[in-house]
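Reading the structure
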Amino acid sequence: MTILAIETSCDETSAAVVRDGRILSNAVSSQIALHAEYGGVVPELAAREHLKNLPLVVRTALGDAEIAVGQLDAVAATLGPGLPMALMVGLKAAQSLAFARRKPFIGVNHHEAHLYSPWISGNPPAADFSGFLPNISLIVSGGHTMLVLVKSELKHRVLGSTVDDAAGECFDKTGKLMGLAYPAGPEIDRLAEQGNPKAFDFPRPLLHDAGDDFSFSGLKTSVRYFLRDNPALLEDAQKIRDLCASIQAAIVEVLVAKTIRAAKRNGVRCVTMSGGVSCNRALRRQLALVCEKNGFSLHLAPQSFCTDNAAMIGILAERKLAQKIPATGYDEDIQPGWELA
Ligand code: KG4
Ligand code: ZN
């Protein structure tokens, strides 16, 4: 089974070719530089950029995989959630290609695909995922922060999500307050490596709340007021590193503690994590440490598959086909607000 997958839900234009659980290629064209000058993703610009780059990205994915269009058994794309016009570009391209070749089209939920990205690291990849199930999966990105109980393949339940800002948004917005460029997450990660995480004490929102929801807007506000009252800190490079380490420590502590608590409460032995923020080194280290201490096996997506990519869309589409889930209509519309249930 050879599948071409397309992902254009936000600011990465990506196409991948997947065959029998293996990723033959995964081409990603990032728009970060384009949006950086606006301090965030501009939806109209994102859609135009996808339109411009998608033909090249698809050609690259097919070329890298040494696969001709005629060899494809199916085409997949993200239906949602995401930016409406951005989703539209990838979806219509994928449906048109599938229709023209009379091949099945598979529409995929972006978050559900993130759930499967930690499995695609093995080489050779796991023949089936049963050894890793059930698990608790933390999806942590610029737009979302959620804890999901994956009971079995394609069967999951969202336990909790953020009630306001996502963790990545908190990295990006507190970084902006410190004068860092968008997206600030990777830069905070880098600066924090030489900072003192105990230098400043920021709140850990909902850390002791028994539920599985997250909240990060209070932490952002707390940083805002702290910087308003201590503006001189931003003139000292070491103090900026300490600030980064302290903010990061607050975010990481909440994410790790709530993930482990959910894993214990649901009696699973396995934890996974994906999404852009899961690139964060302190988060990866801390989660690994706590998982080891508590006897959980931990599966992380490789960094290149943490951020948005079409490989995870293709892997999920293949599992859906293998489980005989009916193909999606060639005229199925985008579902921008399609949240996981
Ligand atoms: O999954 P993603 O590529 O896009 C979506 O938001 O769907 O995630 C992007 C987010 C941004 O907020 C970015 O700052 C954050 O992931 N991020 C990081 C790191 N790398 C990316 N945050 C903290 N540390 C990192 N190393
Ligand atoms: Zn994503």
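These numbers were taken from a predicted model, which means no experiment stands behind them. (Residues numbered from 1 in each chain as written. Chains lettered and ligands numbered in written order. Predicted model: local features only at pLDDT ≥ 70, side-chain atom pairs only at ≥ 80, totals over all residues. Heavy atoms only, no water.)

1. With respect to the layout of surface pockets
Approximately 1,100 Å³ is the volume found for the largest pocket. Along the wall of the largest pocket there are 43 residues; nearest its centre are S141, G142, G143, D172 and Y182. Every element with two or more residues in the lining of the largest pocket is listed here: β3 (22-30), α4 (110-116), α5 (167-177), α6 (185-192) and α10 (303-306). With 6 residues, α5 is the single largest residue contributor to the lining of the largest pocket. Looking at the lining of the largest pocket residue by residue, the classes come out as 16 nonpolar, 19 polar and 8 charged. Each of two domains, domain 1 (2-125 + 305-322) and domain 2 (135-301), supplies a minimum of three residues to the lining of the largest pocket. (1 Å grid on protein atoms, 1.4 Å probe; cavity = no way out; pocket = protein on both sides within 12 Å on 5 of 7 lines; lining within 4 Å. Points joined across faces, edges and corners; volume = space filled by probe spheres on them. Helix = DSSP H or I, 4+ residues; strand = E, 2+ residues; numbered from the N terminus. Nonpolar A, V, L, I, M, F, W, Y, C, P; charged D, E, K, R; others polar. Domains from an automatic or database assignment.)

2. Focus: the domain arrangement of the protein chain
Parsing the protein chain into structural domains produces domain 1 (2-125 + 305-322) and domain 2 (135-301). Facing 21 residues of domain 1, the contacting portion of domain 2 comprises 26 residues. The contact between domain 1 and domain 2 buries some 1,800 Å² in all, and 70% of this surface belongs to carbon and sulfur atoms. Connecting domain 1 to domain 2 are 1 salt bridge. Of the charged contacts in the structure, one is a salt bridge between E153 and R319, with a shortest N-O distance of 2.9 Å. Taken together, domain 1 and domain 2 are joined by 6 residue pairs in polar contact (both at pLDDT 80 or more). Those elements that provide at least two residues to the side of domain 1 that touches domain 2 are α1 (32-36), α4, α10 and α11 (310-322). Among the elements that make up the side of domain 1 that touches domain 2, the one with the highest residue count is α4 (5 residues). Looking at the side of domain 1 that touches domain 2 residue by residue, the classes come out as 10 nonpolar, 7 polar and 4 charged. (Contact = heavy atoms within 4.5 Å. Buried area = accessible area lost by both parts, 1.4 Å probe. Salt bridge = Lys/Arg side-chain N within 4 Å of Asp/Glu carboxyl O. Polar contact = N/O pair within 3.5 Å; in protein donor to acceptor, adjacent residues only side chain to side chain.)

3. Brief notes about the site of ligand 1
By nearness alone, 17 residues border ligand 1, and G142, D172, D189, G276 and N280 come closest of all. Contacts to ligand 1 include G143, whose backbone N or O atom sits 3.4 Å from an oxygen atom. A total of 550 Å² of accessible area belongs to ligand 1 in isolation, and the protein chains cover 88% of it. Spatially, ligand 1 is embedded in the largest pocket. Where the shell around ligand 1 is concerned, the elements lending two or more residues are α5 and α6. Counted by class, the shell around ligand 1 contains 5 nonpolar, 9 polar and 3 charged residues. (Near = heavy atom within 4 Å. Areas by Shrake-Rupley, 256 points an atom, 1.4 Å probe, with all protein chains shown as cover. Sits in = over half its atoms within 2 Å of the grid points.)

4. Notes on the nonpolar core
Where a protein is soluble and globular, its nonpolar side chains tend to be buried together. Counting 48 residues, the largest nonpolar core has F216, I251 and L255 as the members making the most contacts within it. Sorting the residues of this core by element identifies β6 (135-140), β7 (145-152), α5, α6, α7 (217-229), α8 (237-265), β9 (270-274) and α9 (281-293) as the ones contributing at least two each. Here the element with the most residues in this core is α8; it accounts for 14 residues. In contact with I251, not counting residues within four places along its chain, are A167, C170, F171, F216 and L219. Of all hydrophobic cores here, the second largest spans 31 residues; its members include V18, V150, A311 and L321. (Core = buried A, V, L, I, M, F, W, Y, C linked by side-chain atoms within 4.5 Å. Buried < 20%, exposed > 50% of the residue type's maximum accessible area, 1.4 Å probe, protein only.)

5. Comments concerning the side chain of E12
Its location among the elements puts E12 in strand β2 (residues 12-19). The charged side chain of E12 is buried without a salt bridge, its nearest counter-charge being R284 at 14 Å. For E12, the side chain forms a polar contact with the side chain of S30, separated by 3.3 Å. Not counting the four nearest positions on each side in its chain, E12 is found in contact with E7, V28, S29, S30, H50 and D308. (Lys, Arg positive; Asp, Glu negative; His and termini not counted.)

6. Notes on the coordination of the zinc ion (ligand 2)
Within the protein, H110 (NE2), H114 (NE2) and D308 (OD) serve as the donor atoms for the zinc ion (ligand 2), at 2.1 Å. Sequence positions of the donors to the zinc ion (ligand 2) reduce to the motif H-x3-H-x193-D. Of this pair, H114 sits in helix α4 while D308 sits in the loop between α10 and α11, and the two are 194 residues apart along the sequence. Residue D308 is classed as buried on the basis of its relative accessible area, which comes to 16%. (Donors = N, O, S within 2.8 Å, 3.2 Å for Na, K, Ca; no water.)

7. Points about the pattern of salt bridges
Following the criterion strictly, the structure yields 13 salt bridges and no others. One salt bridge connects R281 with D189, and the closest N-O pair in it is separated by 2.9 Å. Taken together, the residues span a long stretch of sequence, with R281 in helix α9 and D189 in helix α6 at a distance of 92 residues. For R281, a relative accessible area of 35% gives the class partly exposed. A residue is classified by how much of its surface remains accessible, and D189, at 8% relative accessible area, is buried.

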